[in-house]
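Structural overview for review
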Amino acid sequence: MCSARRMLQQALRVSGRTASPVLKWMERCAEGAGAVCPPRRARTLEEMPGPSVLSFAWDLFGKRGLSRLHELQLEGRRKYGPMWKASFGPILTVHVAEPELIEQVLRQEGKHPMRSDLSSWKDYRNLRGHGYGLLTAEGDEWQSVRSLLSTHMLRPKAVEAYDGTLNSVVTDLIAKLRTSRFSHLNKVTNCHWFPRFTHLFLFKGISSVLFESRIGCLDSSVPMETERFIQSINTMFIMTLLTMAMPGWLHQLFPKPWNTFCQCWDYMFHFAKGHIDQRLQEEAEKVARGEEVEGRYLTYFLSKTGMPMKSIYSNVTELLLAGVDTISSTLSWSLYELSRHPDIQTSLRAEVHAVLEGRSVPGAADVARMPLMKAVVKEVLRLYPVIPANARVIADKDIHVGRYLIPRNTLITLCHFATSRDPGHFPDPNSFVPQRWLTRDQGNHAYASVPFGVGKRSCIGRRIAELEVYLALAQILTQFDVKPDPEGSAVRPMTRTLLVPDSNINLQFVER
Ligand code: HEM
């Protein structure tokens, strides 16, 4: 069955078509049979192709490869095929760049999936005696926090309840867009500082979900501490890659990256702790006055579970961190692509108007009825997956992936950027074509574009992120025509752990 399926897939690739119903049927049969086809003689890691340690190090440090890691996925796929090995600093990692093989890895990940056991994030927490949050925790500790947070972050009804809070943040954003209009350009806001702008706005969004209070950021002057928190996130992401790629002995010679990395985390933990303590203190004072306390925010829910404060601090820090750049990047790329595709922008606006029937502010139930809106965001995340490469470590067993036997504890890099730009799965892969998501019958492999991950360890903020982006796009498009700045140039993605725009996305917001 497996070799027949491979042959059929190969034939479809050659003919330029994506998965057919027949292939899907065969895949389902294969899944039923366990999906993984142990090869006749499994190859070992020694037999796997890949660049030498020196040439990969040269790619990373000599050819600006750290900010081009997503492009290195495409190069690796071209040079070595769907699986190759490379040494990222001291870490040997196996790259997997074919949806079917990514599926094989994820289907063998076990009860408590692990992303990476070598993370510098964990080293920092151990050094400072901080707890782990959901991003970094493993095993039973991860499972118990995951179950608690899922109730409030993944259940559709729980997430819908945030639409009022998120909408008021969007309303503030739009008011800010208007007041920042350049006076000499009547009715036009030339937004030359969009990345910073969306960061601040989205920070406000996630802080409302966590604290039920918007930490002032779009006021005329941004509090220094907020500015510094956002800056710390950016610098920490840059230093993450650098510190992981540097072998241990280099840390002794060049201590600056590691020290900067720690300073950023120190500030982020300090910032989150300050807000948590203040918020819980307010609740305690209310209780002391005999007032009823009924918080509808995540920090409150966590504090009611009896979770140790150390874990609350680390979880809230990690959620604040995860909720800013991810949504900001997705919203920025969405507006960028819509500004360059006015026809799609017009269709999307028409869809929003049709659903809202004269109302100006959408709710969660409204955006759920907007198929083009969902297709636009899916297409944006296919072209610009915020996490261009994810990772897994299977600790309890050796696993078969494709023709190889991967020893337990090997770091496996899942090359999502490569699969989502593969013409075999997405014809004309570098073009923005949201319509491809509206005709699911022609569908691609289910693991070809998985921007939020798949399975038990997938993104817990997915529903909140999608809701926030939908609400923001719906309101922005009904009030403005979004155009590219005539003086702006094409923007490309770059890797900074996350995939982010390599320069400002300059846009014009023309009042409708
Ligand atoms: C467009 C926005 C976002 C994208 C594309 C995204 C993507 C991802 C991906 C790919 C993962 C790894 C999944 C895996 O390993 O299988 C992840 C994990 C995670 N995300 Fe997101 N994310 C987004 C927004 C958010 C937001 C808004 C939050 C918080 C409110 C958040 C919190 C988390 C957390 C805590 C994890 C770790 C989950 C776990 O290990 O159990 N994310 N995200």
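Remember, predicted model here, so these are calculated numbers, not experimental data.

About the cut-offs
- Residues numbered from 1 in each chain as written.
- Predicted model: local features only at pLDDT ≥ 70, side-chain atom pairs only at ≥ 80, totals over all residues.
- Helix = DSSP H or I, 4+ residues; strand = E, 2+ residues; numbered from the N terminus.
- Buried ≥ 20, exposed ≤ 12 C-beta atoms within 10 Å, placed from the backbone.
- Contact = placed C-beta atoms within 7 Å.
- Axes fitted to C-alpha atoms, helices over the stretch in contact; angles between N-to-C directions.
- Parallel < 35°, antiparallel > 145°, perpendicular 65-115°, else oblique.
- Left-handed = near helix turned anticlockwise from the far one by under 90°.
- Core = buried A, V, L, I, M, F, W, Y, C linked by C-beta atoms within 7 Å.
- Pairing = 2+ DSSP bridges.
- Near = placed C-beta within 6 Å.
- Nonpolar A, V, L, I, M, F, W, Y, C, P; charged D, E, K, R; others polar.
- UniProt positions renumbered as here; feature names shortened; annotations may be inferred.
- Expected span 1.5 Å × (residues − 1).
- pLDDT = per-residue confidence, 0-100.

So, on to the overall build of the protein. Of regular secondary structure, the protein possesses 21 helices and 11 strands. When each of the 512 residues of the protein is scored for burial, the buried share is 42%. Taking all contacts inside the protein whose residues are at least 6 apart in sequence as the whole, residues at least 24 apart take part in 74%.

We now examine the packing of helix α9 (residues 163-179) against helix α21 (residues 462-479). In a packed pair of helices, the relevant descriptors are the angle between the two axes and the axis-to-axis distance. At a minimum axis distance of 10 Å, the contact between α9 and α21 shows a crossing angle of 40°. Taken together, the axis directions place α9 and α21 in an arrangement best described as oblique. Of the two possible hands of crossing, α9 and α21 adopt the one that is right-handed. Across the interface between the two elements, D163, L166, N167, V170, L173 and I174 from α9 touch L467, E468, L471, A472, Q475, I476 and Q479 from α21.

Generally speaking, nonpolar side chains in soluble globular proteins are found buried as a group. In terms of nonpolar packing, the biggest core is built from 122 residues, with V96, L467 and Y470 touching the most fellow members. At 11 residues, the largest contribution of residues to this core is made by α21. If we ignore the near neighbours within four places in the chain, the residues touching Y470 are V367, M370 and M373.

Okay, the sheet that holds strand β4 (residues 390-393) next. Taking strand neighbours across the sheet as the criterion, the 4 strands line up as β1-β2-β7-β4 in an open arrangement whose pairing is mixed. This sheet does not close on itself; its edge strands, each paired only once, are β1 (83-88) and β4. This sheet shows a mean twist of 30° between the axes of neighbouring strands, independent of strand direction. By the bridge criterion, 4 bridges tie β4 to strand β7 (residues 411-414) in an arrangement that is antiparallel. Paired with V393 across the strands is L411, a residue of β7.

Let us now look at the site of the ligand. Every one of the 26 residues lining the ligand counts as a neighbour, but A322, T326, G453, C459 and G461 are closest to it. Contributions of two or more residues to the shell around the ligand are made by α15 (309-322), α16 (325-340) and α21. Considering only residue class, the shell around the ligand consists of 15 nonpolar, 7 polar and 4 charged.

So, on to the UniProt feature "binding site: heme" (unreviewed entry) in the protein. UniProt records the feature "binding site: heme" (unreviewed entry) for C459 in the present numbering. Structurally, C459 is set in the loop between α20 (416-420) and α21. Aside from chain neighbours lying at most four places away, what touches C459 is F452 and G453.

Where helix α17 (residues 342-356) contacts α21, the axes come no closer than 9 Å and their chain directions differ by 105°. With respect to α21, the element α17 is oriented roughly perpendicular. In this structure, α17 contributes Q345, L348, R349, V352 and H353 to the contact, and α21 contributes A474, L477 and T478. In the contact of α17 with α21, the residues fall into 4 nonpolar, 3 polar and 1 charged.

For R64, which is not glycine, the phi torsion reads 50° and is therefore positive. Secondary-structure assignment places R64 in the loop between α3 (53-62) and α4 (69-80). Despite not being glycine, T497 has its phi angle at roughly 70°, a positive value. You can see T497 is positioned in the loop between β9 (493-496) and β10 (498-501).

Within the secondary structure, R77 is located in helix α4. For R77, a count of 21 C-beta atoms within 10 Å translates into the label buried. As for R77 and A418, which are separated by 341 residues in sequence, their C-alpha atoms are 7.4 Å apart. What R77 contacts, discounting residues up to four positions off in sequence, is P82, A97 and A418.

Take α17 next. Side chains three or four residues apart in an α-helix point the same way, a direct result of the helix having 3.6 residues per turn. Along its 15 residues, α17 runs 21 Å from first to last C-alpha, staying within 8% of the 21 Å computed at 1.5 Å per residue. Positive phi appears at E357, one or two residues downstream of α17, with a value of about 45°.

In this section: the pairing of β1. With 5 of 6 residues buried, β1 is to be regarded as a mostly interior element. Here β1 folds back onto strand β2 (residues 91-96) in antiparallel fashion, the turn holding 2 residues, of which G89 has a positive phi close to 60°.

Moving on, we get to the environment of G323. Tracing the chain through its elements places G323 in the loop between α15 and α16. Separated by 139 residues in sequence, G323 and R462 place their C-alpha atoms 9.8 Å apart. Among all residues touching G323, those that are not within four sequence positions of it are I206 and G461.

With 14 residues, α15 ought to run about 20 Å at 1.5 Å a step, and its terminal C-alpha atoms sit 20 Å apart, in line with that. Of all the 14 residues making up α15, 11 are buried; the element is thus mostly covered by neighbouring parts of the structure.

Attention now moves to the confidence of the model for the protein. The pLDDT averaged across the protein works out to 85; a share of 85% of its residues lies at or above 70. Note on residues 1-35: pLDDT is under 50 here. Beyond four places in sequence and across chains, it has 29 contacts. Within the model, pLDDT remains below 50 along residues 182-187, and this stretch shows 5 contacts once partners closer than five positions in the same chain are excluded.

On the secondary structure map, I399 appears in strand β5 (residues 399-401). A count of 21 C-beta atoms within 10 Å places I399 in the buried class. Each C-alpha atom, one on I399 and one on T410, is 9.9 Å from the other, the two residues being 11 residues apart in sequence. Ignoring any residue separated from it by four or fewer positions in sequence, one finds I399 in contact with Q108, I394 and I406.

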